[in-house]
Amino acid sequence: MKLQRKNGLRATALGALAVSGALVLTACGSDDNAGGTGGNGTKTSAASNIKCDGAKGQLLAAGSTAQKNAMDLWVKNFQAACSGVEINYQAIGSGGGITKFNQGQVAFAGSDSALKEDEVAESKKICKTGQGVNLPMVGGPIAIGYKLSGVDNLVLDAPTLAKIFDSKITKWDDEAIKKLNPDAKLPSTSIQAFHRSDESGTTQNLGKYLSEAAPSDWKYDPKTKSWPAKGGQAANGSSGVATAVKDAEGAIGYFELSYATANKMSTVKLDTGASAPVEATTENASKAIGAAKIKGTGNDLALSLDYKTKAEGAYPIVLVTYEIACDKGNKAETLPALKAFLNYAVSEDGQNVLSDAGYAPLPPEIATKVRAIVPTLS
């Protein structure tokens, strides 16, 4: 797969991240199928190479539901190799994970968006001599799933999507939707727009896309992880939104592509201004993520995504999932387990384990950066 490359090595690394990261979320599942993706196909021999490095006791973590299955695989192998360690990852959403991290309740958090400035400031109270840093692990497309009998090839653009989620467009045969779908038989069915009830990086990334691609129609704070608009219906977690959309005629909602795939759900193609509408696929998301730039400094590897891309075949509603940990000031009793576990997760063995579960490992350029940072955590 060829990706656009900019700025030399950095763009090469990010383009590679796009290829692997965009693929990964098609494999990520909900809490409902957490055991399914790991399954019997997971490599178990990798456990023999895991370095426990004094890891012991209980290690608590929480956050993103998108990476739960990856965590399940890593935890299974790590605990098999390091019998004195118990790792508990709660898939409660990115916002919940960051809250727990900044309250000192977990050693690290998983988030579908990088820490905001106020969250970094808050993390300094817990990290004491340091702060929370963003370590990218996986990425992929946020699909817009829908259920509308007789309509299998729906096209929407950012302004229309913004109006739907802002309750400004309430019927499926609205003129704006008809204009984008001249050959579709659109019913007068009421639109049931579902959003996340919990704080979510998925919500934040959708908001960033709408804010940048349709600024006249989506005027809410793009930094919020909470759903900002009035109206619509709420459900908890990506799995909750996907189930709600699957069960309701005329419904539409947003979630990682894996949920649409698992539920055999139709997804919206986006009119981005390119020559043809763009489908939510891992390959198309990779083209959009390929335009990302590193905006973090020092040990922070936060990325800046281009939500307004009009590149051919680039699907712009994407996210990157991070592991968030203190660079300095970690609790002495959990530091060995934290470093050993993250070292394993980003190691060749840890990344290769994901392949058998349908995930894609990080490219060497990005993995090398993360592998250099994790051992320095203190």
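Scroll up a little and you will see the structure.
Owing to the predicted nature of the structure, the values given are computational and were not obtained by experimental measurement. Chains are numbered independently. Their residues run from 1 in the order of the written sequence. Where local features are concerned, this predicted model is filtered to residues with pLDDT of at least 70; where side-chain atom pairs are given and counted, the filter is 80 or more; whole-chain, interface and lining totals use all residues. Hydrogens and waters are ignored; side-chain quantities use all the structure's heavy atoms.

## Thoughts on the layout of surface pockets
Here is step 1 of the chain: Only protein atoms enter the 1 Å grid, on which a cavity is a set of points fitting a 1.4 Å probe that cannot get out and a pocket is an open set with protein on both sides within 12 Å along at least 5 of 7 lines, lining residues being those with an atom within 4 Å of a point. Grid points are joined across faces, edges and corners, and a volume is the space filled by probe spheres set on the points. Of the voids in this model, the largest pocket is the one considered here, and its volume is about 520 Å³.
Here is step 2 of the chain: Contributions of two or more residues to the lining of the largest pocket are made by α5 (117-127), α8 (201-213), β12 (303-304) and β13 (318-326).
Here is step 3 of the chain: Only DSSP runs of H or I covering at least 4 residues are called helices, and only runs of E covering at least 2 are called strands; the numbering of each starts at the N terminus. The greatest single-element share of the lining of the largest pocket, amounting to four residues, is contributed by α8.
Here is step 4 of the chain: Looking at the lining of the largest pocket, its residues break down into 10 nonpolar, six polar and nine charged.
Here is step 5 of the chain: In this structure, the second largest pocket spans a volume of roughly 250 Å³.
Here is step 6 of the chain: Around the second largest pocket, the lining comprises 15 residues; the ones closest to its centre are G104, V106, A107, K331 and T334.
Here is step 7 of the chain: For this scheme, ten residues count as nonpolar: Ala, Val, Leu, Ile, Met, Phe, Trp, Tyr, Cys and Pro. Four count as charged, namely Asp, Glu, Lys and Arg, and the remainder, Gly too, count as polar. Among the residues making up the lining of the second largest pocket, the classes are represented as seven nonpolar, six polar and two charged.

## Details of the state of the cysteines
Here is step 1 of the chain: The criterion for a disulfide is a pair of cysteine sulfur atoms lying within 2.5 Å. Taken as a whole, this structure holds two disulfides when the rule is applied.
Here is step 2 of the chain: Disulfide partner of C52: C82, at an S-S distance of 2.0 Å. Measuring handedness by torsion sign, the sulfur bridge of C52 and C82 sits at about -95° and is left-handed. Pair noted here: C52 is in the loop between α2 (34-38) and β1 (57-63) and C82 is in the loop between α3 (68-81) and β2 (85-91), with a separation of 30 residues, a long-range link.
Here is step 3 of the chain: Between C127 and C326 runs a disulfide, and the two sulfur atoms are separated by 2.0 Å. When the S-S torsion is -75°, as for the bridge of C127 with C326, the disulfide is left-handed. Highlighted residues: C127 in helix α5 and C326 in strand β13, separated in sequence by 199 residues.
Here is step 4 of the chain: By relative accessible area, which is 0% here, C127 ends up buried.
Here is step 5 of the chain: Overall, C326 belongs to the buried group, its relative accessible area being 2%.
Here is step 6 of the chain: The connectivity of the disulfide bonds within the chain can be written as 1-2, 3-4, using the sequence rank of each bonded cysteine. Whether a residue is buried, partly exposed or exposed follows from its accessible area with a 1.4 Å probe, protein chains only, as a fraction of its type maximum: under 20%, in between, or over 50%, in that order.

## Quick look at the pattern of salt bridges
Any two side chains of opposite charge can pair, given that their charged atoms come close.
Here is step 1 of the chain: Throughout this description, the term salt bridge denotes a Lys or Arg side-chain nitrogen within 4 Å of a carboxyl oxygen of Asp or Glu. One pass over the full model with this rule turns up seven salt bridges.
Here is step 2 of the chain: In this structure, K125 and E122 form a salt bridge, with 3.4 Å as the shortest nitrogen-oxygen distance. One end of the pair is K125 and the other is E122, both in helix α5 and three residues apart, which spans about a single turn.
Here is step 3 of the chain: Residue K125 is classed as exposed on the basis of its relative accessible area, which comes to 58%.
Here is step 4 of the chain: In this structure, the salt-bridge partner of K163 is D217, at a minimum N-O distance of 3.9 Å. Pair noted here: K163 is in helix α6 (residues 158-165) and D217 is in the loop between α8 and β7 (233-235), with a separation of 54 residues, a long-range link.
Here is step 5 of the chain: On the basis of relative accessibility, which here comes to 31%, the residue K163 falls in the partly exposed class.

## Side note on the environment of L60
Here is step 1 of the chain: Assignment of secondary structure puts L60 in strand β1.
Here is step 2 of the chain: For L60, a relative accessible area of 31% corresponds to the partly exposed category.
Here is step 3 of the chain: Along the primary structure L60 and K100 are separated by 40 residues, whereas in three dimensions their C-alpha atoms are 9.9 Å apart.

## Here's the deal with the side chain of S64
Here is step 1 of the chain: Mapped onto the elements of the fold, S64 is located in the loop between β1 and α3.
Here is step 2 of the chain: A relative accessible area of 0% means that S64 is categorised as buried.
Here is step 3 of the chain: Under this definition, polar contacts are N or O atom pairs within 3.5 Å; protein pairs additionally need one hydrogen-donor-capable and one acceptor-capable atom, and for neighbouring residues in sequence, both atoms have to be side-chain atoms. Of the polar contacts made by the side chain of S64, one reaches the side chain of D112; its length is 2.7 Å.
Here is step 4 of the chain: It only takes one pair of heavy atoms within 4.5 Å for two residues to be counted as in contact. Aside from chain neighbours lying at most four places away, what touches S64 is Y89, A91, G93, S94, G110, S111, D112 and T321.

## Quick look at the pairing of β13
Here is step 1 of the chain: Counting buried residues in β13 gives nine out of nine residues, a clear majority hidden from the surface.
Here is step 2 of the chain: Residue alternation in β13 divides its side chains into two sets, V318, V320, Y322, I324 and C326 and L319, T321, E323 and A325, and both sets are buried.
Here is step 3 of the chain: By definition, two strands form a pair when at least two bridges between them are found by DSSP. Bridge count between strand β3 (residues 108-111) and β13: three bridges; the pairing is antiparallel. Of the residues in β13, the one forming a bridge with S111 is Y322.

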